[in-house]
Amino acid sequence: WEINGSFYQPSAFLLMGIPGLEALHRWISIPFCALYLIAVLGNCMILFIIKKTQSLHEPMYYFLSMLAVTDLGLVLCTLPTTLGIFWFNMRRIGFDACLTQMYFIHILSFIESSVLLAMAFDRFIAISHPLRHSSILTKTTVIKIGLAIIVRGMVSLLPIPFLLKRLTYCRKTELSHSFCFHPDIMNLACADIKVNVFYGMIIILSTVGMDFIFIVLSYILIIKTVISLATKEECLKALNTCVSHICAVLVFFIPMIGLSMIHRFGRNVPPLVNTLVAYTYLIIPPALNPIIYSIKSSHIRKALLRALWRKR
């Protein structure tokens, strides 16, 4: 412990695996390894196919590439500590290393939320103004949107590590997850955390909350446009292009909202439920997104089959 008068700051935190199932961690690691492997290989495959297939060099797939890179980042942020606990019971993580992991996990989560919003905007333009789609979302515009998303995430979350470093912590250093999460670290403090709580709520509502609202509004406008189409076949064809994105939105936002609600209001929620929701939030979307887009996108599916055929 670093002691400066009444100021206490732990040199390290202790991470938690799955509470109550510590004896089964080796066996539990098998499905986690499978999910991590699917996430890494699937997202790398998406990036490779989009890069090599000239016909996929359009806004929809540029945004999908951003989503794949973000998912890879989330996987690589949590993989070392999660598998370190399951395989070697390595629970200790340095204070600064924990803050760094937390910062990147939250940045990547915010970036994924913003990318999903950009993808919703792309679908709205493609359905409402198909003839102007390529002129509105040019390659330069897509790059500017990507840079704005990254800067927004980095700047909005930059104060969080410094707000945590200023706090005095209690003797308890055990976190609730196998990764570092802002509310989890904050709740170990013995000081007044009102500033942390207020800033965290403002940031999540003004970023992820606004992203979700605008995604919903985009789909309201999309449905309004689709209803005005002449035939039922055209309506179904237009909506079919949105199915994979809708699935990605649900897979990301439902666990994220659930985890945020548990950390803020679920004092009596069993630790096992809290842990499972956290793993669902950080591991399931990166593993499912490549599968969803490979199944629902005929262009990616055909490009993948062509790549496999050429390899044979």
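Reading the values: the criteria
- Residues numbered from 1 in each chain as written.
- Predicted model: local features only at pLDDT ≥ 70, side-chain atom pairs only at ≥ 80, totals over all residues.
- Heavy atoms only, no water.
- UniProt positions renumbered as here; feature names shortened; annotations may be inferred.
- Axes fitted to C-alpha atoms, helices over the stretch in contact; angles between N-to-C directions.
- Helix = DSSP H or I, 4+ residues; strand = E, 2+ residues; numbered from the N terminus.
- Left-handed = near helix turned anticlockwise from the far one by under 90°.
- Contact = heavy atoms within 4.5 Å.
- Core = buried A, V, L, I, M, F, W, Y, C linked by side-chain atoms within 4.5 Å.
- Buried < 20%, exposed > 50% of the residue type's maximum accessible area, 1.4 Å probe, protein only.
- pLDDT = per-residue confidence, 0-100.
- 1 Å grid on protein atoms, 1.4 Å probe; cavity = no way out; pocket = protein on both sides within 12 Å on 5 of 7 lines; lining within 4 Å.
- Points joined across faces, edges and corners; volume = space filled by probe spheres on them.
- Nonpolar A, V, L, I, M, F, W, Y, C, P; charged D, E, K, R; others polar.

The name given to the protein in an unreviewed UniProt entry is Olfactory receptor, and the organism recorded there is Caloenas nicobarica. Quoted straight from UniProt, the Sequence similarities (unreviewed entry) entry for the protein says "Belongs to the G-protein coupled receptor 1 family."

A.B. asks: Can you lay out the packing of helix α3 (residues 95–128) against helix α5 (residues 139–157) for me, pointing to particular residues and giving the numbers?
C.D. replies: Between α3 and α5, whose axes approach to 9 Å, the crossing angle comes to 145°. Here α3 runs over α5; the crossing is right-handed. Contacts between α3 and α5 involve Y103, H106, I107, F110, I111, S114, V115 and A118 from the former and I145, I149, I150, R152, G153, M154, S156 and L157 from the latter.

A.B. asks: Kindly report on the nonpolar core, identifying the contributing residues and their values.
C.D. replies: Of all hydrophobic cores here, the largest spans 84 residues; its most connected members are F13, L64, L116, L164, Y169 and I185. If one sorts the elements of this core by residue count, α3 sits on top with 18 residues. Not counting the four nearest positions on each side in its chain, L164 is found in contact with F95, L99, M102, Y169, H182, I185, M186 and N196.

A.B. asks: If you had to explain the confidence of the model for the protein to someone new, which residues and values would you point to?
C.D. replies: Looking at the protein, pLDDT values average 88 and 96% of them are 70 or higher. Taken element by element, the protein is modelled with least confidence in strand β1 (residues 2–4), mean pLDDT 48, and with most confidence in α5, mean pLDDT 94.

A.B. asks: Go over empty space enclosed by the protein with me, naming the residues and quoting the values.
C.D. replies: In the structure shown here, the tally under the stated rule is 3 cavities of 30 Å³ or more. Its volume calculated, the largest cavity comes out at about 190 Å³. What lines the largest cavity is a set of 15 residues, among which H106, F110, H182, I204 and R264 lie closest to the centre. Listed by contribution, the elements that provide at least two residues to the lining of the largest cavity are α3, α7 (182–186), α8 (194–227) and α10 (243–265). Sorting elements by how many residues they give to the lining of the largest cavity places α10 first, with 4 residues. Of the residues belonging to the lining of the largest cavity, the class tally is 10 nonpolar, 4 polar and 1 charged. In this model, the second largest cavity occupies a volume close to 50 Å³. As for the second largest cavity, its lining consists of M60, M119, D122, R123, T241, S244, H245 and Y293. Where the lining of the second largest cavity is concerned, the elements lending two or more residues are α3 and α10.

A.B. asks: Give me the UniProt feature "transmembrane region" (unreviewed entry) in the protein: which residues, what numbers.
C.D. replies: Under the feature "transmembrane region" (unreviewed entry), the UniProt entry names residues 27–50, 62–88, 100–121, 142–164, 197–222, 243–264 and 276–295. As a span, residues 62–88 carries 100% helix and 0% strand, and end to end its C-alpha atoms are 39 Å apart. A distance of 36 Å separates the end C-alpha atoms of residues 197–222, which is 100% helix and 0% strand.

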